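# Structure at a glance
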Amino acid sequence: MNLFGGRAQKQGNYCTSDSNSHSLPDWEQCVRCPDHQYANTEKNLCLLKSESFLDSRDPLGMTLVCLALCLSALTTAVTGIFAKHNNIPIVKANNRALSYILLISLNCCFLCSLLFIGHPNTATCVLQQTTFGVVFTVAVSTVLAKTVTVVLAFSVTSSGRRMRWLLVSGMPNFIIPIFKLIQLILSGIWLGTSPPFVDTDAHSEHGHIIILCNKGSATAFYCVLGSLGSLALASFTVAFLARNLPDTFNEAKFLTFSMLVFCSVWVTFLPVYHSTKGKTMVAVEVFSVLASSAGLLGCIFVPKCYIILLSYNFNNYQFILALAFAVEEINKNPHLLPNITMGFSAHSHGIRYYVLYRSLVLSLSGKDFILNYDCKRESQTVVTLTGPAGQISSQYATVLDLYRFPQLNFGRFDPVLSDHRLFPSVYQIAPKDTSLAFAMVSLMVHFSWKWVGLLISEDENGLWMLPQLRQEMNKQKICTAFEYILPLSFFREVTDYVSFHQKIRNSFTNVVVIYGDNEFMFNLLYTYFTTYLSLGNVWVINSLSTFLSVMKHFLLHSLHAPLIFSHHHGEISGFNNFIKTANPSKYPKDYFLALVWIRSFNCTFSESSCVTWKNCPANASLEWLPRYLFDMGMMEESYYIYNAVYAVAQALHEMLIGQAEAQPVGNGRKLQFSPFQLHPFLKNIHFNNPAGDQVILDETKKLVAEYDIVNLCNFPEGLRQVMKVGNFSPYAPHGHQLSLSNDNIEWPISFTETPQSVCSESCGPGFRKSPQERKSVCCFDCIPCPENEISNDTDLEQCVRCPDHQYANTEKNLCLLKSESFLDSGDPLGMTLVCLALCLSALTTAVIGIFTKHNNTPIVKANNRALSYILLISLNCCFLCSLLFIGHPNTATCVLQQTTFGVVFTVAVSTVLAKTVTVVLAFSVTSSGRRMRWLLVSGMPNFIIPICTLIQLILSGIWLGISPPFVDTDAHSEHGHIIILCNKGSATAFYCVLGYLGSLALASFTVAFLARNLPDTFNEAKFLTFSMMVFCSVWVTFLPVYHSTKGKTMVAVEVFSILTSSAGLLGCIFLPKCYVILVRPDRNSLQGIRAKTRSKRKNPS
């Protein structure tokens, strides 16, 4: 028999499903419970399922609600912190408006998670997904916009106007509405096609019906997630690429890590979401919303809040310690103010001015209103120390001068405060800075910096310093790459100084001089140089203390090695040990010292009759603090406070000595006097402090400051090193005022050696400067020196011409002595011409010998044998006269060159003319009668030679008598040589000689050409014609070639023309005859001539 809840079957199976049951025995089938019911444990009854959802009263729901509200409260607190510190650099960095948008959107993200908790309804189901999509899109797109802002800020320096326009126009701010619009469109499509709705899940949890929101369209849901994922991936990529951009407040690294967390959360969400069911699935989604939002909040804003709230700078606290040290030292000195104890009260000016004035008035009136330090308030206040900024002192003076209350400024010397008509009660401790401009320019001269930028504060001090800098720079010919006079209002928003930054980058200077007071320096360093880093620049700065207070915010690569002019001062013995031993137990009333111990060493204290400090490290000391928080080295302002206390003590001491008899102090009586009575004593103060330095308050006698040149190397986390690398003393001899140790200077990391700062690279020797149009005189082009000019120094404006006897070397930086040069027989060219002349002379001599040996042959006797010998001898002389042109010229050779050339060539050409005339006359005898025969028989052609020669001699005589040739030099034709040559003297006479020769040659050519066809066995008219054509061609060619050459080449052209023309005559006239004589003797006999005549008659042409 089967009991209730079972069924009869062969195998004995039971109802196995939680939804199956039966209540009667021996049933063959179990009955499924409806979806809204479930089977009890005995599986004999269907029970109603209870509704279930992620309720805020459940432990899980309550935990998520509390977490969401806590994170929302934290976000609100961060927003409040940012709003309170709205104008500090870390809030302003990387677009302050975007930070607020991101904080508000994150707050909405935390709050929107509450829509997933509680009983679902149609409204919450729709709002869950749309609100989630929109607010997360706003948050992630804001992160992308902030990252793009970082990238654009650093791209401005190199990408031109487009990047600058994108940044100035606020393009990153448009990223948010664009992506938000895209998300709204996706959400609208989702809601329009298949919106989320309330659904139930009766199977995921036993005994419960889960009420939850169905996504409607799963595709639309994943499109929304995909849009967010692509945005997050884009933000992560851009932030990752920008993570190493050099900036103090570059939050790209934090943005990278935040997006990494965000992406990790949602990548993990997908598999976990799909592996869970029911309200656990909803809890997973809520947790992902909270975790990803908290990742953005924690990674981006918590580090900033830490800096805002917990990062302190205690450097100015050294002023208090210097004051306390000086007071203690004086109180222990039995020789200074005996029987009188000095005390002080200290106030911070870092509060609202009306509170400060109230504190000041109450303090001077003798009532307590002390902010930080209180000591011996029953005593009379006699003087006020103010500073370090001159502006602060001038504001105090408006109140203190009403009572003629003495005021000592411990900051740098301020020319404004030195006007005693405006500030009659103000005294300045520091020496004058009148030599600072000269000191800075001396540094520029030392490193040869000629292209320097100036950043000057727009106040009285800056306007006082600027003309001094200009004057000193002009003296040393140093140019300003840019010159900006900046007001404090300049440092407000990024767009105010984008163009300013662009001009600085475009100036290409490596050195920037920055001058201003502490407030100006603080704003400049925090705003401009932390947002737009001037990487690779050397900064020359006039203040060290401001730098020490802000150096913790500069990393190694952003600011490495400024050169700072710090006032030189002596070492105060005991001060360093005093700082090391200062602690709250020793000075229990020092509130600021207690704050240092609490913040830096995590100490606690117990309130009782005696304050007890707990949990403090043993022997804790200010020496333990990082240098960016507290520097153990005595700052110049601390030194001036020390001197000011001693000046007051000295003045009081002298005044008390004078009043000792009139008003004895003792028996408990207080010292009574008015503070204005100290003025005469303060004006005449002149003493040496314990360090040996003079202290003078009278400005007419005040000394000029000496400077220590400090190189400040900063490393991450404030591990900086202050190193003295030189000094400047205006009292040293001229030329020895600046002393530097170049090897100890550590330059910015972009420089591997001492940096140079010039608009144009120096023009080295061999070049001269050429100013660039519409630019500074320091901007120029380097142009090579012209021919035969040199420059033997750098940056010369003009090259110097070498003397005629010298020439410029190839580098054009040195004049060298020119060597003498002439057409020497030892030169290859001269040797060739000599050999050619001698060979031709020998050939002519050989021809003469042949003619002499065959003197009686017909070919020799034909056409006047005597003329042939005269022509051969004259040609030999022509060849030999060319030797007069070769060798070192002297007066004799210069005269002989032209006269010999003219005479022997006249003889040669006139002989050719005589031979031609002889041929013509010989054939004219047969037809012209007795006169022609008489001319031929009388030897008239022989008179042509002496007549023509006589004319040439007359021309040469006139030439020698008027302007004879002489030895001359040519220093310009050949580089590096002085050509020694013969000057023609009279060019007219020279061309008359050539012209006469030319007319003779033309006459000879004409006559020979006319007689070339006369019938004669030995008619040499054809050879004479050709020879004269060669002769004329040579000398016609000679003229242009002669004038186009210079130096010894010109002489060589003349020699070659002599040889060529002479060789033309020799070859054309005599070589054919020698051929007949030597090779064809049969033609040189009467039998041969007769046989040739008979053959011509038998075979007439």
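Note on numbering: residues in each chain are counted from 1, in written sequence order. Note on the predicted model: pLDDT of at least 70 is required for a residue's local features to be given, and 80 or more for side-chain atom pairs to be given and counted; whole-chain, interface and lining totals, by contrast, use all residues. Note that water and hydrogens are dropped before the side-chain values are worked out from all heavy atoms of the structure.

### Examining the packing of helix α14 (residues 436–446) against helix α15 (residues 460–475)
Axis lines are fitted to C-alpha atoms, over the contacting stretch for helices. Their N-to-C directions set the angle, which ranges from 0 to 180 degrees. A helix here means a DSSP run of H or I that spans at least four residues, while a strand means a run of E at least two residues long, and both kinds are numbered starting from the N terminus. In the contact formed by α14 and α15, the axes pass within 9 Å of each other and the chain directions differ by 40°. When the axes of α14 and α15 are compared, the pair comes out oblique. Helix-helix and strand crossings are classified by hand; for α14 and α15 the assignment is right-handed. Contacts from Leu436, Ala437, Phe438, Met440, Val441 and Met444 of α14 reach α15 at Met465, Gln468, Leu469, Glu472 and Met473. For classification, angles of less than 35 degrees are called roughly parallel, those exceeding 145 degrees roughly antiparallel, those between 65 and 115 degrees roughly perpendicular, and all remaining angles oblique. When the near helix sits turned anticlockwise from the far one by under a right angle, the crossing is termed left-handed; a clockwise turn instead gives a right-handed crossing. Here a residue-residue contact requires only that any non-hydrogen atoms of the pair lie within 4.5 Å.

### A short note on the nonpolar core
Most often, soluble globular proteins have nonpolar side chains that are buried together. As used in this record, nonpolar core signifies buried Ala, Val, Leu, Ile, Met, Phe, Trp, Tyr and Cys residues forming a set joined through side-chain atoms within 4.5 Å. For every residue, the accessible area obtained with a 1.4 Å probe (protein chains only) is divided by the maximum for its type, and the residue is called buried under 20%, exposed over 50%, and partly exposed between those limits. Residues Phe851, Phe905, Trp1035 and Phe1070 are the most contacted members of the largest nonpolar core, which totals 69 residues. Tallying contributions element by element places helix α31 (residues 1048–1078) first for this core, with 14 residues. Setting aside residues up to four positions removed in sequence, Phe851 forms contacts with Val860, Ser868, Tyr869, Leu872, Phe1070, Lys1073, Cys1074 and Ile1077. Counting 62 residues, the second largest nonpolar core, distinct from the first, contains Trp190, Leu212, Val286 and Ile300.

### Some words on the pairing of strand β11 (residues 451–457)
Counting buried positions over the 7 residues of β11 gives 7, a clear majority of the element. The two faces of β11 match: Trp451, Gly453, Leu455 and Ser457 on one face and Val452, Leu454 and Ile456 on the other face are all buried. In the sheet, β11 pairs with strand β12 (residues 479–486) via 7 bridges, with the strands oriented parallel. Note on β12: the bridge partner recorded for Ile456 is Ile485. A crossover counts as right-handed when, viewed with the strands pointing away from the observer, the path leading from the first strand over the helix to the second turns clockwise. Traced from β11 through α15 to β12, the parallel crossover comes out right-handed. Note: two strands are recorded as paired if DSSP finds a minimum of 2 bridges between them. Pairing geometry for β11 and strand β13 (residues 511–515), over 5 bridges, is parallel. Bridge pairing in β13 places Ile456 opposite Tyr515.

### Things to note about the side chain of Thr949
Mapped onto the elements of the fold, Thr949 is located in helix α28 (residues 944–962). Discounting chain neighbours no more than four positions away, the residues touching Thr949 are Val903, Thr906, Val907 and Ser910.

### Looking at the sheet that holds strand β8 (residues 384–386)
If you walk across this open sheet you meet the 3 strands as β8-β9-β10, and the pairing is parallel. Either end of the sheet is taken by a strand with one partner, and the two such strands are β8 and β10 (426–428). Between one strand axis and the next, the sheet turns through 30° on average, direction left out of account. Of the strand pairs in this sheet, strand β9 (residues 407–409) and β10 are connected by 3 bridges, and their pairing is parallel. In the sheet register, Asn409 faces β10, and the bridge partner there is Gln428.

### Observations regarding the confidence of the model for the chain
Put simply, the chain has an average pLDDT of 78, and 79% of its residues get 70 or more. Confidence drops under pLDDT 50 across residues 1–14; counting only partners more than four residues distant or on other chains, this segment forms 25 contacts. Per residue, pLDDT measures the predictor's confidence, with a range of 0 to 100. Confidence drops under a pLDDT of 50 for residues 367–377, and excluding neighbours within four residues, the segment shows 35 contacts in the predicted structure.

### Considering the pattern of salt bridges
Should a side-chain nitrogen of Lys or Arg be within 4 Å of a carboxyl oxygen of Asp or Glu, the pair is scored as a salt bridge. Per the counting criterion, the structure on display carries 11 salt bridges. The partner of Glu285 in a salt bridge is Lys215, and the shortest N-O contact between them spans 3.5 Å. In this pair, Glu285 sits in helix α9 (residues 279–300) while Lys215 sits in the loop between β7 (208–214) and α7 (218–241), placing the two residues 70 residues apart along the sequence. Residue classification places Glu285 among the buried residues on the basis of a relative accessible area of 3%. Between Asp419 and Arg421 there is a salt bridge; the shortest N-O distance is 3.3 Å. What makes Asp419 partly exposed here is its relative accessible area of 23%.

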